Amino acid sequence: MATATADREQWGSRIGFVLAAAGSAIGLGNIWRFPYITGENGGAAFVVLYLLCIAFICLPYLFAELALGRNSQKNPVGAIAAIKARTPWMLVGALCVLTGVFILSYYGVVAGWAFGYIFKGLVAPATDAGTYFASFIADPWTVIPLMGFFMLFTISIVASGVEQGIERASKVLMPILLVLILVVIFRSVTLPGAGAGLEFYLNPDFSKVDGGVVLAALGQAFFSLSLGMGAMITYGSYLPKSENLLVSGGYVALFDTAIALLAGLMIFPAVFAMGQNPSEGPALVFVILPEVFGAMPLGSFVGAVFFTLLSIAALTSTVSLLEVVVSYFVDETSWSRKKSAWLVGGFTFLVGVPSALSQGGSDFFTNQLQLFGQTGFLNIMDYIWGNVSLALGALLLSIFVSWVWGADAAVRELQQGADGFTGMAVAVWRFFVKYVCPLFIAAILVGKVLGTI
Ligand code: TRP
């Protein structure tokens with residue numbers, strides 16, 4: 001095992017880590033998935049539940065992942081081995097690494113669509129937005145090269161290293177993202193009729209809440225913060241002991257939540273102003289929004305801006321997915337960072353091809369393939385890796401940190417760089433991470449699995 005801890009890379013600054021980790025968290029999950037899940041689950045009441053999940057479940061769990069990563073200075077497999085070597089717990093680390101490859105494989109497909117849609121305004125479609133989108137994602141000669149480009153960007157950032165690649169790219173890309181979002185929000189809320197969208201989004205009606213809505217909120221919160229597969233173990237492993245994990249982690253959660261909330265503010269006023277339906281599902285961003293843009297002044301410009309920001313957000317997330325796997329090969333084998341990034345990235349591209357073909361490109365991958373109540377390769381992959389595996393990973397990792405490694409050891413790690421973390425705050429965190437998190441996460445998992453059998 002190559003354990004050159006002394007030479008291990010580190011973030012160059014606190015803001016660098018915060019932006020990179022926020023970049024991992026902020027992605028298609030915030031801008032594409034959060035609005036359509038909110039739309040499907042009734043609007044403002046869902047948003048309130050989502051915020052409760054972030055504060056009471058995800059935040060305590062995020063600290064657990066960061067503490068484990070910084071303590072071991074390792075990838076998820078190495079981090080677990082450092083505490084419980086040669087036990088079945090190592091399989092949890094392996095699950096993290098595998099989940100990274102598989103989520104990246106289909107996430108890269110959707111990211112490729114977003115990338116392609118930047119230029120879509122230039123080729124003004126003759127058909128309606130729905131037909132155009134359906135033919136766009138069905139064409140293998142469009143989607144496979146787009147996914148390939150996206151993987152190339154991702155690989156080149158990861159290959160350049162933690163500080164020179166990931167941190168540097170995040171420092172440039174994240175501020176651009178924020179500015180672009182503000183531009184689109186401004187256009188959206190100043191449309192005539194935007195008020196109905198604000199009402200739907202901001203005025204809760206709790207009669208719409210049931211168990212399914214709570215599970216949807218919790219699942220979305222985990223995915224959005226990049227939790228459950230060791231991404232935050234890996235990013236935490238590049239932090240120095242002087243860093244205050246509670247403050248930095250708090251910023252990451254704050255930024256991620258703020259961007260999700262802003263994404264809703266960008267989308268719902270426009271959807272309502274244009275008389276569209278907010279519960280349109282995954283097509284909300286790719287079909288409804290282009291229709292909205294098409295019908296408004298400066299629409300093709302705003303459209304290009306919007307899909308640019310979606311691509312940027314996706315890129316800093318694909319970087320983190322690849323980094324988890326690359327960190328494993330760099331720590332545990334003799335492979336260099338460059339070699340690992342290119343080999344893992346190339347392999348992931350190949351695994352992504354069936355997902356790219358599953359939106360009409362191949363009848364087999366689109367319609368015939370069915371598993372766990374899902375139809376089509378991409379949906380099956382998202383169900384297995386983006387839902388069940390993340391929930392399982394989060395459950396096992398929270399048990400590992402609080403019961404196997406031990407809450408006391410985790411608290412000692414968190415206290416390095418955070419002297420004020422004592423007394424009541426410690427007691428509250430221990431209670432959440434030992435009991436509340438595992439219980440709630442077990443509930444998502446059972447809910448998800450029962451939902452499909
Ligand atoms: N959080 C990202 C998003 O919202 C996606 C993502 C990146 C992710 N890395 C992850 C999700 C690790 C789960 C685990 O789009």
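The coordinates are above.
So, here's what we can say about the structure. (Residues numbered from 1 in each chain as written. Predicted model: local features only at pLDDT ≥ 70, side-chain atom pairs only at ≥ 80, totals over all residues. Heavy atoms only, no water.)

As for unusual backbone geometry
At step 1: Backbone geometry at Gln73 places phi at a positive 55°, although glycine is not the residue there.
At step 2: At Phe372, a position not held by glycine, the phi torsion is positive, near 50°.
At step 3: The topology assignment puts Phe372 in the loop between strand 1 (370-371) and strand 2 (374-375).
At step 4: With relative accessibility at 41%, the residue Phe372 sits in the partly exposed group. (Helix = DSSP H or I, 4+ residues; strand = E, 2+ residues; numbered from the N terminus. Buried < 20%, exposed > 50% of the residue type's maximum accessible area, 1.4 Å probe, protein only.)

Quick look at the site of the ligand
At step 1: As a structural note, the neighbourhood of the ligand is formed by 15 residues, with Ala25, Gly29, Tyr107, Phe223 and Ser226 the closest of them.
At step 2: Separating an oxygen atom of the ligand from a side-chain N or O atom of Tyr107 is a distance of 2.5 Å.
At step 3: A distance of 3.0 Å separates a nitrogen atom of the ligand from a polar side-chain atom of Ser226.
At step 4: For the ligand, the protein covers 100% of the area, taking 360 Å² as the surface of the free molecule.
At step 5: Looking at the shell around the ligand, the elements that each hand over two or more residues are helix 1 (14-25), helix 2 (28-40), helix 10 (211-224) and helix 14 (299-332).
At step 6: Of the residues assigned to the shell around the ligand, the class counts are seven nonpolar, eight polar and no charged. (Near = heavy atom within 4 Å. Polar contact = N/O pair within 3.5 Å; in protein donor to acceptor, adjacent residues only side chain to side chain. Areas by Shrake-Rupley, 256 points an atom, 1.4 Å probe, with all protein chains shown as cover. Nonpolar A, V, L, I, M, F, W, Y, C, P; charged D, E, K, R; others polar.)

Side note on the environment of Val162
At step 1: Tracing the chain through its elements places Val162 in helix 8 (residues 162-189).
At step 2: With 92 residues separating them in the primary sequence, Val162 and Arg70 have C-alpha atoms 15 Å apart.
At step 3: What Val162 contacts, discounting residues up to four positions off in sequence, is Glu9, Gln10, Trp11, Glu167, Tyr238, Glu323 and Arg337. (Contact = heavy atoms within 4.5 Å.)

Considerations on the pattern of salt bridges
At step 1: Under the criterion given, the structure shown has eight salt bridges.
At step 2: The shortest N-O distance in the salt bridge between Lys241 and Glu413 comes to 3.0 Å. Placement of Lys241 in the loop between helix 11 (231-236) and helix 12 (245-273) and of Glu413 in helix 17 (residues 377-415) is noted, with a sequence separation of 172 residues between them.
At step 3: The exposure class assigned to Lys241 is partly exposed, which follows from its relative accessible area of 34%.
At step 4: Judged by relative accessible area, Glu413 falls into the buried class, the value being 1%.
At step 5: Note that Asp408 and Arg430 form a salt bridge whose closest N and O atoms lie 2.2 Å from each other. Residue Asp408 is located in helix 17, and its partner Arg430 is located in helix 18 (residues 423-452); the two are separated by 22 residues in the primary sequence.
At step 6: On the basis of relative accessibility, which here comes to 44%, the residue Asp408 falls in the partly exposed class.
At step 7: Overall, the relative accessible area of 24% leaves Arg430 in the partly exposed class.
At step 8: Taken together, the shared-partner salt bridges connect Glu9, Glu323 and Arg337 into one network. (Salt bridge = Lys/Arg side-chain N within 4 Å of Asp/Glu carboxyl O.)

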